Amino acid sequence: MTPLATRPSLLLALLLSLAACTRQESPTPPEPCVCPPATTQPAPPHAPAPALRAEARAWSDLPGWREDRPSEAWVAFLAGCPRLEAIEPAWQAVCREAREQPREDAVLRRFLERRLRPWQLVAVLPDGGTRDTGLATGYYEPLIAASRTPDARHRTPILGPPADLVTVDLGEIVPATKHLRLKGRLEGNRLVPYYSRAEIRALGERLPAPILFWAADELDFFFLQIQGSGLLRLTDGSTVRIGYADHNGHPYRSIGRLLIDAGELTLPEASAQGIRRWLERHPEQRQALLDANPAYVFFRELPPDGPGPIGTLGVPLTPQRSLAVDPALLPLGAPLYAVVSGRHPLSRLMLAQDTGGAIQGPLRVDVYEGSGQEAGERAGRRRDEVALWLLWPTDADPPAARQ
């Protein structure tokens, strides 16, 4: 492949056009943009999204079930009970009894087999076909260098939520949209999209957002934003944890996918490590590629003596036991049995405790791998096939079984 630096870059043109066409509002007068012209032809209808169906199974159908150690997931299991009890009365008796169980694998396995039923999750495709496996990726808690004050080395701001960021919960207006929230800012009496990543960077300190810390490496911080939480090693040697606080409402766009589509990386090469190597080899195109993902995450500092990273459910995540899922299809807190293939296979009880911008659709999960470099290596390479079973009280049908 001819190096990008030695030829006119189709990739750079693609990235710049994507960044320019993301939205119309801009904090400064926009440069001329060659965007696709508006059309008066009716837009083609969107293809229906795959649905999720649950099919009752026996415990003996779960590969590796007898070898799993449910005691390692029990704290996470109990953490989901309050949410589950609120949406399904049958969970109240299950959770009450679960809290009284001794933390012994054989006892817990018998309890789960007696009180819950496994339901295999199946994606129903728009053409009527089905599939019983999906995609599992990985995420982790990175450790990056940072400072509380800027200096020659620490120049990338780590922001808290801006004062002018407005959130509209559509579920309060239309119950059918209970999982949808709009993010924006007010211009007069109009709600307009919030600033994109490129616009936030261009505004700098004019953005009404607190600067919590300053990162030493822009790429480190970019990948930390994708993970949603992280550890900061400060200049005095101390470590602090930051967690997700809010986001700008723009859809996540995978820069790995852009590199694949431009022919710069193959799918196996587009791991976090492969993407980073490409960015380091092409510094002249780095900013355009980063800005092609308009999504931006804002953070909050977490208590120094607190537990590990907090997921969307509001509880600490457990390495290789916590999953990020699509909450429109699976309830947060729900126990799942997951069989993940690949270089680091898993067959175990896991819990739906988190969400992610790229985690959408049936049979799509993100495995929380833990903290540090080894976890990051696993997370960066995980792109595996996964089969899922939802575990639900024996005297109730799970939501997916009612579709």
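Residues numbered from 1 in each chain as written. Predicted model: local features only at pLDDT ≥ 70, side-chain atom pairs only at ≥ 80, totals over all residues. Heavy atoms only, no water.

Colleague: Is there a simple way to think about the pattern of salt bridges in this case?
Modeller: As enumerated under the stated definition, the model contains 25 salt bridges in all. Arg99 is paired through a salt bridge with Glu85; the nearest N and O atoms lie 3.4 Å apart. With a gap of 14 residues between them, Arg99 in the loop between helix H4 (90-98) and helix H5 (105-115) and Glu85 in helix H3 (residues 81-87) connect regions that are remote in the sequence. The partner of Arg190 in a salt bridge is Glu187, and the shortest N-O contact between them spans 4.0 Å. Via salt bridges that share partners, Asp68, Arg69, Glu72, Asp105 and Arg321 belong to a single interconnected network. (Salt bridge = Lys/Arg side-chain N within 4 Å of Asp/Glu carboxyl O. Helix = DSSP H or I, 4+ residues; strand = E, 2+ residues; numbered from the N terminus.)

Colleague: Can you help me understand the sheet that holds strand S9 (residues 190-193) in this one?
Modeller: The strands making up a sheet associate through backbone hydrogen bonding, with each pair oriented either parallel or antiparallel. Read across the sheet, three strands follow the order S7-S8-S9 without closing on themselves; strand pairing throughout is antiparallel. Looking along the sheet, the strands with just one partner apiece sit at the ends: strand S7 (166-169) and S9. Strand-to-strand twist in this sheet, taken as the mean axis angle between neighbours without regard to direction, amounts to 55°. When S7 meets strand S8 (residues 181-187), the two strands line up antiparallel, connected through four bridges. Each residue of the ladder has a partner; that of Val166, found in S8, is Gly184. (Pairing = 2+ DSSP bridges. Axes fitted to C-alpha atoms, helices over the stretch in contact; angles between N-to-C directions.)

Colleague: Can you walk me through the state of the cysteines in this structure?
Modeller: Note on terminology: disulfide describes a covalent bond linking the sulfur atoms of two cysteines. Per the counting criterion, the structure on display carries one disulfide. Disulfide pairing is shown between Cys81 and Cys95; the S-S distance is 2.1 Å. Measuring handedness by torsion sign, the sulfur bridge of Cys81 and Cys95 sits at about -90° and is left-handed. Note that Cys81 is positioned in helix H3 and Cys95 in helix H4, a separation of 14 residues in sequence. In this structure, Cys81 and Cys95 share a single accessibility class: buried. (Disulfide = S-S within 2.5 Å. Buried < 20%, exposed > 50% of the residue type's maximum accessible area, 1.4 Å probe, protein only.)

Colleague: Please explain the confidence of the model for the chain as it appears in this structure.
Modeller: The predicted structure's coordinates, where accompanied by low pLDDT, should not be read in detail. Taken residue by residue, the chain gives an average pLDDT of 86. The fraction at 70 or more is 86%. Taken together, the stretch residues 1-46 has pLDDT below 50 and engages in 54 contacts with residues farther than four places along the chain or on a different chain. (pLDDT = per-residue confidence, 0-100. Contact = heavy atoms within 4.5 Å.)

Colleague: Any chance you could explain the nonpolar core here in plain terms?
Modeller: One finds Phe77, Leu112 and Leu121 to be the most contacted residues of the largest nonpolar core, which totals 53 residues. With seven residues, the top contributor of residues to this core is strand S18 (residues 383-393). Excluding its chain neighbours within four sequence positions, the residues that come into contact with Leu112 are Trp59, Trp65, Pro70, Trp74, Phe77 and Leu349. In terms of nonpolar packing, the next biggest core, distinct from the first, is built from 23 residues, Ala146, Tyr194, Ala215 and Phe221 among them. (Core = buried A, V, L, I, M, F, W, Y, C linked by side-chain atoms within 4.5 Å.)

Colleague: So what exactly am I meant to see when it comes to the environment of Leu390 here?
Modeller: Summarising the element assignment, Leu390 is placed in strand S18. Residues Leu390 and Arg117, spaced 273 residues apart in sequence, show a C-alpha to C-alpha distance of 8.1 Å.

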